[in-house]
Amino acid sequence: MSELKTNYQRAASAAKHSILRHPTRSMAETLRRCAERAEGFTSPDVYGAGELIEQFETRIAKLLGKPAAIFLPSGTLAQPMALRIHAERTGRKGVALHPTSHLVLHEQDGYQQLWGLQGHQVGQSEKVLTVQDLKACDSPERLGALVLELPMREIGGQLPTWEELQEQVAWAREYDLAVHLDGARLWQCEHYYQRSFAEICALFDSVYVSFYKDLGGIAGAVLAGATEFVAQARVWSRRAGGNLISMYPYVFAAEQGLEENLSVMPEVARYAQELAPLLAAIPGVQVNPTQPQAGMFHLHIEADEDTLIKAVTRYAEEHGVVVLPLPRAQYNGRCVCEIPLGRNALQHSADFWQHHLAACLAIL
């Protein structure tokens, strides 16, 4: 990590206020809380079996409206594994996914190189996937699965309308495609769709959710679906090295995150809609999307990356307020900063964050 980024991380850790996600705990405090939860169990999970992990899997399966679920170390394991199982059923290894899918951008092409799948990118990278994009797909009969991400992180947490989502799933059904949900940030979607997680997930054959991104767990994911699907997932997890001897610290931290953070996600989504227009009013700042649909959005800021990092670091050091994360990309000459909201932002009015971001950028 560069010195600039190291300095930023140090200042951010020491700051009293942050616009990003939820309050953090030290590693020691996190483990102490896990230990308190462990007092209620006499033995750990062992290779995916035991009261501890089975209770949690049942809880998440019910929350998502699916018959069964399996706890896994990561989404990078969960998603291609789900797609491989669907490919085995359909006899087709083609996978339709958006150009900004996590499997395309952030997994070193593992779904193709390790799992023998064949990616077919559909849609435009800067826009939400549409049913028209799917209808323009060449040779859909070669496909075995369709991956849909809700919300779409790389374009600021945008979502298709409920009607459009239904149409996309209907298109997949015409060709007997399995439909898989990349729900890494699914927890943000209830407010926009005004539907429960189970109602949203009913559209999908398989669902992946994360426990550290929005919920603040240590690590870990769940893959949910039909009973037979999850039984196959357990076999594939063993083959792929995901069936760890014990995962109880991850399970306890996931439980903690669910209890502390899940209930605030609808409020976070509403807050994003209030906050974004205020930040967009600051000179040199654009918001994507203009009207947030989830509990996150992107800021496109007119600034050189190094200059921006220095300004945000200095502001955090002098005022104890973190107004931006490190830039995640450059787009059309602007720094792109992702704003994932949570209990931290909710501690203050939207005006508070507008004032501090404006003051920070004024020193550029």
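Structural data are supplied above this passage.
Fair warning: this is a prediction, and the values are worked out from it, not measured in the lab. (Residues numbered from 1 in each chain as written. Predicted model: local features only at pLDDT ≥ 70, side-chain atom pairs only at ≥ 80, totals over all residues. Heavy atoms only, no water.)

This paragraph deals with the sheet that holds strand E13 (residues 334–340). Taken in spatial order, the four strands of this open sheet run E9-E10-E13-E12, and their pairing is antiparallel. For this open sheet the edge positions go to strand E9 (285–288) and strand E12 (329–331), each flanked by a neighbour on one side alone. Pairs of neighbouring strands in the sheet enclose a mean axial angle of 35°, with direction left out of account. Across four bridges, E9 lies against strand E10 (residues 296–301) in antiparallel orientation. (Pairing = 2+ DSSP bridges. Helix = DSSP H or I, 4+ residues; strand = E, 2+ residues; numbered from the N terminus. Axes fitted to C-alpha atoms, helices over the stretch in contact; angles between N-to-C directions.)

Right, let's talk about the layout of surface pockets for a bit. Taken as a whole, the largest pocket encloses approximately 1,400 Å³ of empty space. Looking at the largest pocket, it is lined by 46 residues, and the ones nearest its centre are Leu20, Arg21, His22, Pro23 and Thr24. When contributions to the lining of the largest pocket are tallied by element, the ones reaching two or more residues are helix H1 (3–14), strand E1 (17–18), helix H2 (27–38), helix H12 (248–261), E13 and helix H15 (343–346). Among the residues forming the lining of the largest pocket, the class breakdown is 17 nonpolar, 17 polar and 12 charged. Taken as a whole, the second largest pocket spans an internal volume of roughly 340 Å³. Contributing to the lining of the second largest pocket are 16 residues, with Ser125, Glu154, Ile155, His300 and Tyr331 lying nearest its centre. (1 Å grid on protein atoms, 1.4 Å probe; cavity = no way out; pocket = protein on both sides within 12 Å on 5 of 7 lines; lining within 4 Å. Points joined across faces, edges and corners; volume = space filled by probe spheres on them. Nonpolar A, V, L, I, M, F, W, Y, C, P; charged D, E, K, R; others polar.)

On to the side chain of Thr100, then. Inspection of the secondary structure puts Thr100 in the loop between strand E3 (94–97) and helix H5 (102–105). At a separation of 2.8 Å, a polar atom in the side chain of Thr100 contacts the side chain of His98. (Polar contact = N/O pair within 3.5 Å; in protein donor to acceptor, adjacent residues only side chain to side chain.)

One pass over the structure, following the stated rule, counts 16 salt bridges. Residues Glu318 and Arg314 are paired through a salt bridge, measuring 3.2 Å at the closest nitrogen-oxygen approach. With Glu318 and Arg314 both in helix H14 (residues 305–319) and four residues apart, this pair spans about one turn of that helix. Among the residues examined, Glu318 registers a relative accessible area of 53% and is labelled exposed. With a relative accessible area of 43%, Arg314 lands in the partly exposed category. (Salt bridge = Lys/Arg side-chain N within 4 Å of Asp/Glu carboxyl O. Buried < 20%, exposed > 50% of the residue type's maximum accessible area, 1.4 Å probe, protein only.)

Right, let's talk about helix H8 (residues 162–174) for a bit. The first and last C-alpha atoms of H8 sit 19 Å apart over 13 residues, in line with the 18 Å expected at 1.5 Å per residue. Those residues of H8 lying buried are Trp162, Glu164, Leu165, Gln168, Val169, Trp171 and Ala172. Each element contacted by the buried residues of H8 is listed here: helix H7 (131–135), strand E5 (143–149), strand E6 (178–183), helix H9 (190–193) and helix H10 (197–201). Two residues or fewer after H8 comes Asp176, characterised by a positive phi angle close to 60°. (Expected span 1.5 Å × (residues − 1). Contact = heavy atoms within 4.5 Å.)

Turning our attention to the sheet that holds strand E2 (residues 68–72). In spatial order, the strands read E2-E8-E7-E6-E5-E3-E4; together these seven strands make up an open sheet with mixed pairing. The open sheet terminates on both sides in strands that have one partner only, identified here as E2 and strand E4 (118–121). With direction set aside, neighbouring strand axes in the sheet form an average angle of 20°. Bridge analysis of E2 against strand E8 (residues 221–225) gives five bridges, and the strand direction is antiparallel. Looking at E8, one finds that Ala68 is bridged to Gly225. Here helix H3 (residues 51–64) sits on the sheet and contacts E2, strand E7 (206–210) and E8; the angle it forms with E2, its principal contact strand, is near 125°. Of the strands in this sheet, E2, E7 and E8 touch helix H11 (residues 227–240), which is tilted by about 20° from E2.

The contact between H1 and H14 brings their axes to 9 Å, and the two run at 25°. Considering the angle they form, H1 stands roughly parallel to H14. In this structure, H1 crosses over H14, and the sense of that crossing is left-handed. Contact residues: Leu4, Lys5, Asn7, Tyr8 and Ala11 in H1; Glu305, Asp306, Ile309, Lys310, Val312, Thr313, Ala316 and Glu317 in H14. (Parallel < 35°, antiparallel > 145°, perpendicular 65-115°, else oblique. Left-handed = near helix turned anticlockwise from the far one by under 90°.)

Looking now at the nonpolar core. If you look at the biggest cluster of nonpolar residues, it comprises 92 residues, and the most contacted ones within it are Leu64, Phe211, Phe297, Leu299, Leu324 and Leu341. For this core, the element with the most residues is helix H13 (residues 265–280), which contributes seven residues. If sequence neighbours within four positions are ignored, Leu64 has contacts with Leu186, Trp187, Phe197, Ala198, Cys201, Val207, Val209 and Ala224. Core analysis: the next-biggest nonpolar cluster, separate from the first, contains 27 residues, Ile85, Leu97, Ala184 and Leu223 among them. (Core = buried A, V, L, I, M, F, W, Y, C linked by side-chain atoms within 4.5 Å.)

A word on empty space enclosed by the protein. In the structure shown here, the tally under the stated rule is one cavity of 30 Å³ or more. Considered as a void within the structure, the largest cavity measures approximately 100 Å³ in volume. Lining the largest cavity are Leu97, His98, Ser101, Val128, Leu129, Val147, Leu148, Glu149, Leu150, Met152, Pro160 and Gln168. Ranked by residue count, the leading element in the lining of the largest cavity is E5, at three residues. Grouping the constituent residues of the lining of the largest cavity by class yields eight nonpolar, three polar and one charged.

The tally for this structure, following the rule as stated, stands at 12 aromatic pairs. Taken together, a centroid distance of 5.3 Å and an interplanar angle of 50° make the contact between Trp171 and Tyr175 tilted. When its relative accessible area of 31% is taken as the criterion, Tyr175 is described as partly exposed. Taking 4.8 Å as the distance between ring centres and 90° as the angle between the ring planes, the aromatic pair formed by Phe352 and Trp353 counts as edge-to-face. According to the relative accessible area criterion, Trp353 is buried, its value standing at 1%. (Phe/Tyr/Trp six-rings, centres within 6.5 Å; stacked < 30°, edge-to-face > 60°.)

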